[in-house]
Amino acid sequence: MKLTYGISGHVLLNSHDRLNSITEAHLKQWLTETQVQARFGKLPTYVPRLSQVQSDLLAVTIQTDRTSSVAFGNVAKPFVLMSLVKPFLLLFLLARVGREAVFSRVGIEPSDQPFHSIAQLASDRGRPRNPMINSGAIFLASLLPGNTPTSRCESLRYWLNKSAGCDLTLDEEMLASVQPLGNETNRSIANLLKRAGYLNDIDLAIETYNQICCLSGTVVDLARLGLLIALPHPNVSSDDQHIVNSLMMTCGLYEASSQYSMRIGLPIKSGVSGGLIAIVPKVGSIAIYSPAIDEIGNSVGGLFLLEQLVHAHRLSLFQTD
Ligand code: GLN
């Protein structure tokens, strides 16, 4: 290991060494406290099957290259990505259709409104504000190649599995649970998008969006997805990685994004299923699953554990010592 010294003479570890030095024992030491914190969260009720999961599940994986990882907890338990798919949908489309096709029609501004806010979209006159909220992702889902929701979801799934070396599958039961309920808001969003000229086919866009949200994997799959934007990759340009990381930093936790940019200092994305992915650029990824969420839609246990790890191991991008 090459040692670097700060002005005061103490050894400066780089983020690579810091992330690599985390062991299973380090992860284990936060287990009890994370589970206590997770009790302050709730399971989402608007998707019936999400409200039935065991709320004290906890899993974490740290991946620093494609073969080695540190993992702890219920790591084999699959969960649906929900909004965790959004950064990877964006990444795929940047690679597939390019920046102009994406950003001529979706913005990059953060929002202080909830992820499914109709008021935000209305005040933006139907223009999706950013790719990390529902309006942006429903619009982006309409750019996926394929003629049916299934072929569109499949093209994304295939590319992600092949590029990241993960094994995402479509959770059909969750999809059936999502379809009848909770869709009114997303349908209203799609209606506004259509009226503003961003969508042609509302049903196709909503059904595609629902399917990609129901792609399911474990924390190991999620951590591997994270490597797509953490490390150089032959299928992905570094400019696109930069874009996705910066939008995760500014918009990935919705209204709480700037708060956690200060508290944690890493690009992070959440999903209402309780998954969380954090990126340490050039070094690796941290994936956490803890299903109880706060009122914004972010995993309570996940954010707690991530914050402890980042502080204890000085992983923030803004850390100067
Ligand atoms: N499919 C979910 C929804 O549209 C995803 C939301 C989320 O994970 N924040 O409500």
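The rules behind each value
- Residues numbered from 1 in each chain as written.
- Predicted model: local features only at pLDDT ≥ 70, side-chain atom pairs only at ≥ 80, totals over all residues.
- Heavy atoms only, no water.
- Near = heavy atom within 4 Å.
- Polar contact = N/O pair within 3.5 Å; in protein donor to acceptor, adjacent residues only side chain to side chain.
- Areas by Shrake-Rupley, 256 points an atom, 1.4 Å probe, with all protein chains shown as cover.
- Nonpolar A, V, L, I, M, F, W, Y, C, P; charged D, E, K, R; others polar.
- Core = buried A, V, L, I, M, F, W, Y, C linked by side-chain atoms within 4.5 Å.
- Buried < 20%, exposed > 50% of the residue type's maximum accessible area, 1.4 Å probe, protein only.
- Helix = DSSP H or I, 4+ residues; strand = E, 2+ residues; numbered from the N terminus.
- Contact = heavy atoms within 4.5 Å.
- Axes fitted to C-alpha atoms, helices over the stretch in contact; angles between N-to-C directions.
- Left-handed = near helix turned anticlockwise from the far one by under 90°.
- Pairing = 2+ DSSP bridges.

**Some words on the site of the ligand**
Line of reasoning, step 1. Near the ligand the following residues occur: Y46, M82, S83, F115, N134, N186, Y209, C213, Y254, G271 and V272.
Line of reasoning, step 2. Side-chain polar atom of S83 to an oxygen atom of the ligand: 2.8 Å apart, as the coordinates give it.
Line of reasoning, step 3. At 3.0 Å, a side-chain N or O of Y254 approaches a nitrogen atom of the ligand.
Line of reasoning, step 4. Protein contacts shield 96% of the accessible area of the ligand, which totals 290 Å² for the unbound molecule.
Line of reasoning, step 5. Across the shell around the ligand, the residue classes break down as 7 nonpolar, 4 polar and no charged.

**Some details on the nonpolar core**
Line of reasoning, step 1. M82, I138, L140, L225, I286 and L306 are the most contacted members of the largest nonpolar core, which totals 103 residues.
Line of reasoning, step 2. Counting residues per element, this core draws most heavily on helix α12 (residues 219-230), which supplies 8 residues.
Line of reasoning, step 3. Among residues more than four places away in sequence, those in contact with I286 are L19, V60, T61, I62, L276, I277, A278, L306, L309 and L315.

**Points about helix α7 (residues 134-141)**
Line of reasoning, step 1. Among the 8 residues that make up α7, 8 are buried, leaving the element largely enclosed by the rest of the structure.
Line of reasoning, step 2. Within the span of α7, buried status applies to N134, S135, G136, A137, I138, F139, L140 and A141.
Line of reasoning, step 3. Structurally, α7 contributes buried residues whose contacts are with α4 (86-96), α5 (99-103), α6 (118-123), α8 (149-164), α10 (183-195) and α11 (202-213).

**Topic: the packing of helix α3 (residues 31-38) against helix α15 (residues 300-313)**
Line of reasoning, step 1. Following both chains from N to C, one finds α3 and α15 inclined at 145 degrees, their axes separated by 8 Å at the closest point. Considering only the axes of α3 and α15, their crossing is right-handed. The segment α3 lies against α15, with E33, T34, Q37 and A38 engaging V300, G301, F304 and L305.
Line of reasoning, step 2. Looking at side-chain class alone, the contact of α3 with α15 contains 4 nonpolar, 3 polar and 1 charged residues.

**What about unusual backbone geometry?**
Line of reasoning, step 1. Of note, the phi angle at M82 is positive, near 45 degrees, even though the residue is not glycine.
Line of reasoning, step 2. One can find M82 in the loop between β5 (79-80) and α4.
Line of reasoning, step 3. Assessed through its relative accessible area of 6%, M82 is described here as buried.
Line of reasoning, step 4. Phi at R125 is positive, roughly 50 degrees, even though this residue is not glycine.
Line of reasoning, step 5. Considering the arrangement of structural elements, one finds R125 in the loop between α6 and α7.
Line of reasoning, step 6. Its relative accessible area of 72% is what places R125 among the exposed residues.

**Let's talk about the sheet that holds strand β6 (residues 169-170)**
Line of reasoning, step 1. Read across the sheet, 3 strands follow the order β5-β7-β6 without closing on themselves; strand pairing throughout is antiparallel. Strands with a single pairing partner mark the edges of an open sheet, and in this sheet they are β5 and β6.
Line of reasoning, step 2. The sheet contact formed by β5 and strand β7 (residues 215-217) spans 2 bridges and is antiparallel. From the neighbouring strand, F79 faces β7, where its bridge partner is G217.

**Re the sheet that holds strand β4 (residues 69-73)**
Line of reasoning, step 1. Strand order in this open sheet of 5 strands is β4-β3-β10-β9-β8, and the pairing throughout is antiparallel. Edge strands, defined here as strands with exactly one partner in the open sheet, are β4 and β8 (268-270). Each strand axis lies, on average, 10 degrees off the axis of its neighbour in the sheet, ignoring direction.
Line of reasoning, step 2. In this sheet, strand β10 (residues 284-289) lies alongside strand β9 (residues 275-280) in antiparallel orientation, the contact comprising 6 bridges. Paired with V280 across the strands is G284, a residue of β10.
Line of reasoning, step 3. Packing of α15 onto the sheet brings it into contact with β3 (59-63), β8, β9 and β10, and relative to β10 it is tilted by some 145 degrees.

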